[in-house]
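Summary of structural features
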Amino acid sequence: MIIRRVVLCSRHTEYRLPTRIINHGAKVQRRLSTAYSAPVAATHTAPSQASPLASITSELDKLTPRFDVSADDIEIIRSPSDLFEALKSKITKARRRVYLSTLYVGKTEHELINTIRTALKTNPTLTVSVLTDYLRGTREAPDPSCASLLASLVTDFPERVEVRLYHTPNLTGIRKAILPKRINEGWGLQHMKVYGIDDEIIMSGANLSDDYFTNRQDRYHIIKSKEVTDFFSRIYRTVSDLSYRVLPSDKESSGFVTEWPESNVQPAPLVDPKGYITAATKVLAPFTQPPSRSPKTTEKPTDTHIYPLLQLTPLLKPDTSTELPALTTILRALSTPAFSGSKWTFTAGYFNMTPEIRQLLLSSQPASATVIAASPWANGFYGSKGVSGMLPAAYTHLSRRFLDAVSGAGLSQQIALKEWRKGTVNTPGGWTYHAKGIWITLPGLQQAGPSISLVGSSNYTKRSYSLDLEANTLIVTSNPDLQRRLGEEEKWLQEYAKVVSRENYAKTKRRVGLHVRIAMWIVTLVGGAL
């Protein structure tokens with residue numbers, strides 16, 4: 001492994017006992033020791049301009065740190081059960097650190113929790129930290145919840161386990177008081193799915209619950225790199241310092257309390273949202289600013305690069321996030337003559353790409369392209385009660401609008417929309433679809449496979465770029481074996497996907513009612529997003 005773009009400086013933080021408590025409960029004896037540092041300088045060998053791939057890396061180098069790795073250090077796994085087994089195996093063998101950033105941990109996910117508990121008992125030097133979303137992690141409270149399940153680990157290992165809940169600064173005051181649970185999650189979430197174990201990291205869009213381990217299809221890349229794992233660890237640590245801490249409490253019916261430690265970045269989001277954003281910008285901006293240049297090195301170039309891409313819009317003012325700029329840079333390049341004849345596949349479980357991304361995809365004039373979306377019968381909200389039950393129909397409406405745009409651009413022969421379905425949700429053998437990402441095969445590389453692939457938590461929607469926290473890795477490679485493996489991933493995700501047309505959406509059972517369109521309008525009107 002060679003890292004050629006990140007040089008780090010450290011600011012060590014001493015953690016003190018917390019003073020501000022939300023609810024009442026016992027305090028932990030001490031904070032897990034940690035350090036914060038951010039990329040401040042970079043070195044790399046300027047890429048040759050001899051190929052389209054080199055021109056893309058040249059532009060990406062201006063946006064975000066780059067890690068040069070061996071293609072063999074990237075493992076692509078296929079199924080939900082593969083993810084679960086990989087997590088359990090790696091946690092069991094962990095010696096130093098486990099950090100898990102997810103939207104939520106399933107409230108009945110006892111097997112995973114027991115795996116962590118056993119690892120802590122076996123390895124006395126191991127520390128574990130879990131970051132989830134406050135709104136999603138406490139949704140069921142005071143009944144059993146994600147937060148109460150994780151609090152049990154803190155009870156057993158108070159000095160070696162830390163649990164954090166990120167709360168969006170966009171939901172405070174009257175809005176927070178009147179919006180019901182579940183609906184309020186439309187105003188912003190901690191959505192990063194980053195699973196670090198010692199010196200390896202799993203990048204995915206999957207959360208940590210039973211369906212994501214059994215019958216909810218996503219993507220999963222294991223990156224065996226200390227440098228990449230360290231980078232995301234620093235991001236993780238900083239967002240944790242911007243989040244509430246969970247403590248067990250036998251006095252509360254929920255089984256836990258939350259607090260804002262003194263050692264956190266101040267102030268808390270529910271106390272002073274504007275001040276919180278200002279403070280968050282100060283500590284997060286170094287991770288998203290373009291790296292400064294250093295003299296050329298003589299290190300031997302590698303054929304595979306990883307670019308960490310972050311979308312932290314609700315915490316950055318001004319917004320210096322790197323995911324959207326990097327993605328739009330690549331898509332704009334595809335529309336230039338040098339990239340004529342490129343192919344791409346785009347997928348998102350919740351199909352609602354922004355108008356900008358849709359236009360850039362259409363402008364790329366691909367030789368061929370595929371969009372994979374979840375069928376309504378493979379949508380995680382299928383059969384839900386209330387407004388959320390309208391979401392599958394809402395995404396169907398958006399898919400139809402996309403096909404209308406494809407037709408209007410005269411690209412119906414080049415761009416196909418496929419719906420993924422494996423049975424029906426909530427019935428025996430029924431799966432849901434949650435994968436997201438993009439694969440790009442450049443001209444002249446069609447036989448080898450994609451040379452660019454983006455994997456992570458983002459759904460490429462308005463809320464991804466305005467309300468949620470997202471983390472992704474962009475792989476750029478000229479390695480034939482990795483290209484082949486990326487191509488296999490691109491192919492197997494389409495095994496249960498079938499092409500749909502505008503005529504399919506015109507059928508009675510696929511028509512979207514006026515009530516769904518009104519619900520979509522209301523969500524947008526009051527500041528939320530799908």
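Residues numbered from 1 in each chain as written. Predicted model: local features only at pLDDT ≥ 70, side-chain atom pairs only at ≥ 80, totals over all residues. Heavy atoms only, no water.

Convention followed: UniProt positions are given in the numbering used here, feature names are shortened, and annotations may be inferred rather than shown by experiment.
Named according to an unreviewed UniProt entry, the protein is CDP-diacylglycerol--glycerol-3-phosphate 3-phosphatidyltransferase originating from Friedmanniomyces endolithicus. Turning to the protein, the UniProt annotation filed under Sequence similarities (unreviewed entry) states: "Belongs to the CDP-alcohol phosphatidyltransferase class-II family."

**Comments concerning the overall build of the protein**
Condition: Strands are runs of DSSP state E lasting at least 2 residues, helices are runs of H or I lasting at least 4, and numbering of each runs from the N terminus. Contacts: residue pairs with any heavy atoms within 4.5 Å of one another. Residue burial considers only the protein chains on display, and all accessible areas are found by Shrake-Rupley using a 1.4 Å probe.
Scanning the protein for helices and strands turns up 15 helices and 24 strands. Taking the contacts inside the protein whose residues are at least 6 apart along the sequence as the reference set, 80% of them involve residues at least 24 apart. Per element, the accessible surface of the protein, about 20700 Å² overall, is 54% carbon and sulfur.

**Describing unusual backbone geometry**
We count it as follows: Here the term buried applies to any residue with accessible area under 20% of the maximum for its type, exposed to any over 50%, and partly exposed to those in between, with areas from a 1.4 Å probe on protein chains only.
In this chain, alanine 141 is followed by proline 142 through a cis amide linkage whose omega measures 10 degrees. Here proline 142 shows up in the loop between α4 (134-137) and α5 (146-156). With omega at 0 degrees, the peptide bond leading from glutamine 266 into proline 267 counts as cis. The topology assignment puts proline 267 in the loop between β15 (256-260) and α9 (273-288). Here arginine 182, not a glycine, exhibits a phi torsion of approximately 80 degrees, which is positive. Of note, arginine 182 is situated in the loop between α6 (173-178) and β10 (194-197). Arginine 182 gets classed as partly exposed once you look at its relative accessible area, which sits at 33%. A positive phi angle is found at glutamine 365, which is not glycine, with a value near 50 degrees. Relative to the assigned elements, glutamine 365 resides in the loop between α11 (355-363) and β18 (368-374). The exposure class of glutamine 365 is partly exposed, given its relative accessible area of 47%.

**Section: the packing of helix α10 (residues 323-334) against α11**
Helix-helix packing is described using two parameters, namely the angle between the two axes and the distance between the axes. As a reminder of what qualifies: Axis definition: a line fitted to C-alpha atoms, over the contacting stretch in the case of helices. Angles run 0 to 180 degrees between N-to-C directions. Put simply, angles under 35 degrees are roughly parallel, angles over 145 are roughly antiparallel, angles from 65 to 115 are roughly perpendicular, and the rest are oblique. Left-handed describes a crossing in which the near helix is turned anticlockwise from the far one by less than a right angle; the clockwise case is right-handed.
The N-to-C vectors of α10 and α11 enclose an angle of 25 degrees; their axes lie 9 Å apart at closest approach. Our classification of the angle between α10 and α11 gives roughly parallel. Viewed along their axes, α10 and α11 form a crossing whose handedness is left-handed. Counting all contacts with α10, which are made through Leu324, Leu327, Thr328, Leu331 and Arg332, the residues of α11 involved are Glu356, Ile357, Leu360 and Leu361.

**What about the pairing of β15?**
What counts here: A strand pair is defined by DSSP finding two or more bridges across the two strands.
Burial analysis of β15 places 5 of its 5 residues in the buried class, which makes it a mostly covered element. The side-chain alternation of β15 yields two buried faces, one formed by Phe256, Thr258 and Trp260 and the other by Val257 and Glu259. Pairing of strand β14 (residues 244-248) with β15, which is carried by 4 bridges, proceeds in the antiparallel orientation. From the neighbouring strand, arginine 245 faces β15, where its bridge partner is glutamate 259.

**Description of the environment of threonine 64**
Worth spelling out the cut-off: Any pair of nitrogen or oxygen atoms within 3.5 Å is treated as a polar contact; in protein, a donor-acceptor pairing is required on top of that, and neighbouring residues in sequence qualify only through side-chain atoms on both sides.
Secondary-structure assignment places threonine 64 in the loop between α1 (52-60) and β5 (67-69). Along the primary structure threonine 64 and proline 291 are separated by 227 residues, whereas in three dimensions their C-alpha atoms are 6.4 Å apart. Of the polar contacts made by the side chain of threonine 64, one reaches the backbone oxygen of proline 308; its length is 2.9 Å.

**Considering the UniProt feature "domain: PLD phosphodiesterase" (unreviewed entry) in the protein**
Under the local residue numbering, the UniProt record ascribes the feature "domain: PLD phosphodiesterase" (unreviewed entry) to residues 186-212. Within residues 186-212, the helical portion is 11% and the strand portion 33%, while the C-alpha atoms at the span's ends are 21 Å from each other.

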